[in-house]
Every structure is written in structure tokens, then in C-alpha cells.
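# Commentary on secondary and tertiary structure
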Amino acid sequence: MRCAILGLVGGAAWLHRQAILPDGVELLACVAGAVLAALWHWRLASRAAPALRAGLAAVAGALLGFAWAAHVAQNTLSHALDRADEGRDIEVTGTVDSLPGRQEGSTRFNFSVESPASVPPRIVLSWYAGRAGAMRPPPELLPGERWRLKVRLQRPHGNANPFGFDYELWLLEQGIRATGYVRAEGPNERLSGFVPSPHNAVERARYWIRERIGDALPERRYAGVIAALAMGDQRGISQQDWQVFSRTGIAHLVSISGLHITMIAGLAAWLAGWLWRRSFFVPAWQLPLRLPAPRVAVLAGLLAAWAYVALAGFGVPAQRTLYMLAVVALAMWLDRMAAISHVLALAAGVVVLLDPWAVMWPGFWLSFGAVAVILYATIGRMGPVRATAEPAGAEAGDRPVRTWRGRQLDNLRLAAVTQFAVTAGLVPLTMLLFSQVSLASPLANAVAIPVISLLVTPLALLGSVLPQPLAQPVLRCAHWILELLLDQLQWLAAQPLAIWSAPAPDWPTFAFALAGTAWMLAPRGWPLRWLGPACWLPLLAAQPQAPPPGTLRVIAFDVGQGMALLVETASHRLLYDSGPTYTPEANGGNRVVLPYLRARGITALDLMVVSHSDSDHSGGALAILREVRTAKVLSSLPPGHDIVAAASAHDHCVAGQEWSWDGVRFEMLHPTPESYADPTLKPNARGCTLRVSAAGRSILLPADIEAAQEAELLATVPGKLQADVLLAPHHGSGTSSTPAFLAAVQPRHALFQLGYRNRYRHPRADVVERYRALGAGIWRSDETGAVTIELGPGLALGAYRRQHPRYWYGQ
């Protein structure tokens, strides 16, 4: 069974690496193959080698998992918004389907559509207050309300970057097949205060708990963490706090985790069993004679776990714990206790059957991996230590009783071994998924696990349900304890060696490190266990790859409507612009650029160029400066700008600046020194224009300069404008890319960094035609994703969506 379930998981994961979904004939072939493999496995029974039977079970499971995941994906993708309906006003009726997320000036929520039938059944909407506060703020939305709204929709689309978050996949997993916003002009009216359904009832309960916590902890820094522990909503946690949790390795605690669910289930089971044994203090009922107390206890624990997981929104770690508890409960009711490895495998199989996309997220592998490591490192090795040796011939009743102090020492030893096993056992997987591992994690978790699990979480839950006069002091007590803990963890996170970073490993390196980890955690007596960590050396000591001397590598990120490019030579790195601001907490820096730098193992930049102050170019700069050592910033920003203040060194970019790195030449062509004294110029007019040349090839980065600045360049440096690759000025707007400028540049390829269906309607169709008329290749980030350029003796460009095609792209 375990091999079949492992195959099921692997088959689902393989499906999600396909560019297109299999057709009906291919699905039938997969199902037929699974049936044949299962029959062969059954007929062999005990006559064949165990390895052969295990292989057949794995093959049957893999084919079935592949077919099942494909069937679910096809069914979900069938609910698509017609392309003709993108961007036009549509009147929809339905219910608020999720806990609304509130930000300054906007509300975001899932909407379950009842009509019209042309709109997918589940969409996500944003309701904005309006530009510059000219319109009234969005109304207070409650889960379960029925509304009639005028909306404007588009098909799912997200940024596509190496090592980046796949927003389109996330929407697909949620069953969301369109995104959009509410039109203020429409007939937007509430039709019903609540539409009864189990889902709506759970979401309304989550809303009620969040509001109670918010009312009890107004303006408290960690109120969002308390809400996350009580009902699973993590949107109130700031990006700065997430950084602390990541660096100290306690992010798994700041949610409704398996540890918390097990604790609540155990408490409910103990209480139910205790009351049942006493017949609720009514002896005449004789309840234990009607139904054994252990069965009642396990049922109560399972119900409590289900309620808590429902509050968590059924995240993967929570699902894993719930399904494991369900399997144990069923086994106890049937008097057939299963091995814990079977329980873990069954839980994984149930998760994949209910959500085939779960295997695409780190939480799935970390959640099940942590439990697997604990089982491998402790099962059969942590028996109690006897207080004294038993004398020969001693009777069972004469055996020494373990003292309370001795039992606590045993528990402490078990906890220490478990924590060490999890910390060490997950090092290879953590490096594969996040390219970093927290060195502070053992110490931080040793303190945080008991504090959060035994104090903060129970108090948060208790305060969420107590009457209001009692709720506030309980919640404030939970916040006070959490504040004391996190103040210490902030200091720990600020230490230079809190984390270890290295490039994401390739599969052979990961497998080698995993084998060493298994060797290290093997049972006592296994030879040379201390050599296991040596297998980590290739994993932890790896260095970022770089282009050869005299050549250049550039990646133009897909940041939506904005610009951000990383320029690399053999030993230097330059970041040109940093992407846009998305929300007060999210920007192109922390959502796109930093994950890429982290996965590549890049911890320092030699130079950051911020072309001008517009937020679509400078929005991510502060986030990057906080996380990555940056030697210097060149910009056209005014002296009092926040980015200038945050930079360790800053200069204005000025025409005539030149330097060389590793045989690659950099030349700043614009702006002129005189432009900084002209207060009438817009920020676009001072855009830092950079030309980079290597081995006779070049790329020109002109920011958002417009026709006047293009004419100025033609007059001052006409001989330096030719470039093989041109970043289209101002995203291809009608104010730039004049025919004379393009004739001087003569680009072979043109990059357009822009957002999907952006409100500026970039790029202009006539501008694109100018590039095509010159024979230039068109690379639009909204179609290609991130674009990688290799410049040297040759010239090569690659598009992320073409190099990593997936069946959900563009659907």
C-alpha cells in the first residue's frame, strides 16, 4: 500500500510538469495500465520478490495518480472566461465566498457566481475606494452575503519568473478561473445578509473570530499573529515579521500547524473521556457500559481537530494532521491499529486525491517530510530507560517504578532528539525549496514551541470564544507573552549567522545530501554515522554560477507593469530598477527579485541603478536594500528620497560615467548634469540610460525616456546608441520609440516589460509595428515571462514560459 501511495504522489507531481494535458485516449491508457499492474501485483501474491511487487504497486499508483490529477485539472480548466468577455462590464450575482482581505482603500474577496452562466463559478474580486479617495470606500463585506455586482474580469494571469511564486497555479488550485474588480458605476447592491451553507457558516465564524481579536487588540503589532494562530488568517502579519520567522525557522508555528491541532485534539479527547467515564456525574446513565470511553474520546478529539482545521482554511499541514488522526480514529473504532507509516502514507494519499496540486507547494513536502524524519529517527529507539537494573529473578511486580523526575527527563530527551532529527533531517529539503537554512532554528524552536503551543495558542483560542468582558484580558495576555518571545527572536534573527544561504542544489547534489542525512540519523551502532554531514558540503558550499569573463548575462524579470533587470558579469552584479509597488506590503523586490537572488545564492550587489522615482521602477528598491548588501546606488532621485537615505553610498547617474567589469563595458548615456537643475522636467526625462557591451554585443536600457530625450541622445551620442537588444523605452508607449531613435539603435530584439492587460494599454500597436518593420524580435513579458539574454561572441535569448511550459499557462 505504501508503495502504491508513493506512486500516486509521484504520478500527480509528474502530471503538473506537462505542457499539455493528456487527451481521453491517453487517460484511458493510463487507467488500463494501472489496472494491469495492480492485477499482476495481486496474482504474484507472495511468489515474487518483494522488490518486484513493490515496483508494480508503485507503477499502478503512479499511473492512477497521473490520470486522476489530469481528470481534476481538465474539469477545473473547463470553467474558463471567454476571451471576448475580458475587459468588458458584466453584471454578476453570487455570494462572498471567503474571508475578505482588507487593505488601505481596497477589499479583496472570493466570489461564488450564481449567474450568468458565462462567468466561471468562482472568481476573485477587488473592490477599490477610488483614485485619490474621490469615491467612497468599499462597503464592509461579510462571508456568505449575496450581492449583485458590476465587474470587469480577465482570465487568470500571473508573473512567470525562475524560482518565483506561480500565481496562475495557485488560482487553479483554488478553483478560481477569473480575476477582476468591482465597477463603482454599477448597480452594486446587497441582496441577502447570509446564504446558509456549511462553507459560508465556517467562513462567517472565521470572520467573527478575526473581528473579536481585532477589537480586543487594536493597533497591537502582533494582533495578526494571534489571528493566524486562532483561525488561520495570516494576511495580518507584516512582511518584516515574516522575515524574522523565516530567519529563526519558526514560520511553521505561526499558523494552525499539526502540533497545535494534535494538542487541541488531545485536550478534547481527554476531557470527553474524563466526563464519559463519570457519566457526566450522573451515575444512573452508566455511559461507559453503553460505549467504551476510549472510543468516545477519540471521536471527540477528531471532531475538535476537524473544527480547528476548518478554521485554518484546510491548509496542507492541517489536512495532513486531520487525516492522520482520522485514520487512527477509524483503526481504534475497528480495533485494527495500523502501523504509523501506513497512517502517514494514507494521509498523503488522501491529500493528493482531494487536492492533486498540493504536491506543487513546499508545505506538502515539509509537512510530510518532517513526520517521516521523526519516525525514521525515533521509532523503536526511544524506549524508556529503567531507573535501576532489575535483579535476576525479579518478578514483574517488583520492577522499579520510574519516578516523575525520571519520566520528565525521558520526555526532555525525546523532545531534544526529535528537534535535532527534524532540524538536521530537513536541511537538504529546505535548501532545495528555499536555498537557505536557519542556523538559529534549534535554539529558537526550543523556546518558541512550548511558548506558542502551550501558552499563546490556547489563550488565543480561549479569548476568541469567551464573552467580551473576559475575552480582552485573555487575548492581551496572549499578545504580551508573544511580544516577549518575538522581541528576543528579533535579536536572534538580526545576527549575521542566523541563516546559511547557498544556491538551490541540482538533483544529484540534493540526493547525495539526503543520503548523508539518512546515514547520520541511522540507529545507534550504524558505522561512521558522523560522516553523514560531510555529504552536505557540496550542498552548503556551492557558489553562484556566473558567465565567463568577457561575456554578459541579463535577466529581464516579469514584474508586471514595471522594470527590473539583473546584469551579471564573471564577478559583478548590477540591478537595473527594482519593479513596481503592488500593495503596501508587496512589491517587485520582495515578490520577484529577492526570491531569484536567494535561489541563485546571490547575497550582494555591486551596484543598483534606480532610473527614476516612478513607483513602477523604484517600488522594490527598499526591500532589496534591506535584504541584500548593495555597495552603491546610482539614481536620478532627489537627495531626500527614502532610497537615497537607505543606500550605503549614492551618486547621481550622469552622462559620461563609464566603467569596466570583467571585460564588459558600462556607459551611462543620460541624463546630463544640467537636467538636475531644471525643476520643470518630469522624472521620466531624467531616466538613467545605460549601455552595456561585451565581445561586440550590446544591450541598451533607456528607462522611461520620451521623444525629447531620444532626440537629445541622437544629437549628443549617436554613435553609442546601436544595440543588439533594446529595452523598449517607457514600456512601448506612444511617447517614445521614435522612428529616428530606432533607426539609430537598429535593435535585433526588443524587450517590453509590462503588465497583462495594463490600464495604460502598453505597448501601442503602432510602436510594436515600428520594431517589426526593422526585423526586431518582440519579447513581451506578459506573454513570455522573464527573458534571459546571453551576450558575448554570440547572442541568445530565452523566455521562461517557453522553456518551462505548463498546461495551465494562458488558460
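Below, the structure is looked at part by part. (Residues numbered from 1 in each chain as written. Predicted model: local features only at pLDDT ≥ 70, side-chain atom pairs only at ≥ 80, totals over all residues. Heavy atoms only, no water.)

### A word on the pairing of strand β24 (residues 777-780)
Strand direction decides the pairing type here: strand β23 (residues 749-752) and β24, joined by 4 bridges, are parallel. Within β24, the position partnered with L751 by the bridge is W779. In the classification by handedness, the crossover that spans β23, the intervening helix α26 (residues 765-773) and the parallel β24 is right-handed. (Pairing = 2+ DSSP bridges. Helix = DSSP H or I, 4+ residues; strand = E, 2+ residues; numbered from the N terminus. Right-handed = clockwise from strand over helix to strand, strands pointing away.)

### Brief notes about the state of the cysteines
Each disulfide is one covalent bond, formed between the sulfur atoms of two cysteines. Under the definition given, this model contains 1 disulfide. No disulfide involves C30; its nearest neighbouring cysteine sulfur is the one of C3, lying 20 Å away. (Disulfide = S-S within 2.5 Å.)

### Side note on a nonpolar patch on the surface
Taken together, the side chains of V31, V35, L36, L39 and W42 present a nonpolar region at the surface, about 530 Å² in accessible area. On the secondary structure map, W42 appears in helix α2 (residues 24-44). (Patch = residues over 30% accessible without salt bridge, like charges linked within 9 Å, V, L, I, M, F, W, Y side chains within 5 Å. Areas by Shrake-Rupley, 256 points an atom, 1.4 Å probe, with all protein chains shown as cover. Salt bridge = Lys/Arg side-chain N within 4 Å of Asp/Glu carboxyl O.)

### Remarks on the pattern of salt bridges
One pass over the full model with this rule turns up 35 salt bridges. Of the charged contacts, one joins E667 and K720 as a salt bridge, the two residues approaching to 3.4 Å between their closest N and O atoms. Within this pair, whereas E667 is found in strand β19 (residues 664-670), its partner K720 is found in the loop between α24 (707-716) and β22 (725-727), the two being separated by 53 residues in sequence. Each of R102, E140, R210, E211, D233 and R235 takes part in salt bridges that share partners, so that together they form one network.

### Side note on the nonpolar core
Counting 119 residues, the largest nonpolar core has I226, F557 and L566 as its most contacted members. Residue contributions to this core peak at 11 residues, all from helix α17 (residues 468-493). Aside from chain neighbours lying at most four places away, what touches F557 is N161, A564, L565, L566, L575, V592, V593, Y596, Q753 and A786. Counting residues in each nonpolar core, the second largest holds 32 residues, with A556, V609, C688 and I789 among its members. (Core = buried A, V, L, I, M, F, W, Y, C linked by side-chain atoms within 4.5 Å. Buried < 20%, exposed > 50% of the residue type's maximum accessible area, 1.4 Å probe, protein only. Contact = heavy atoms within 4.5 Å.)

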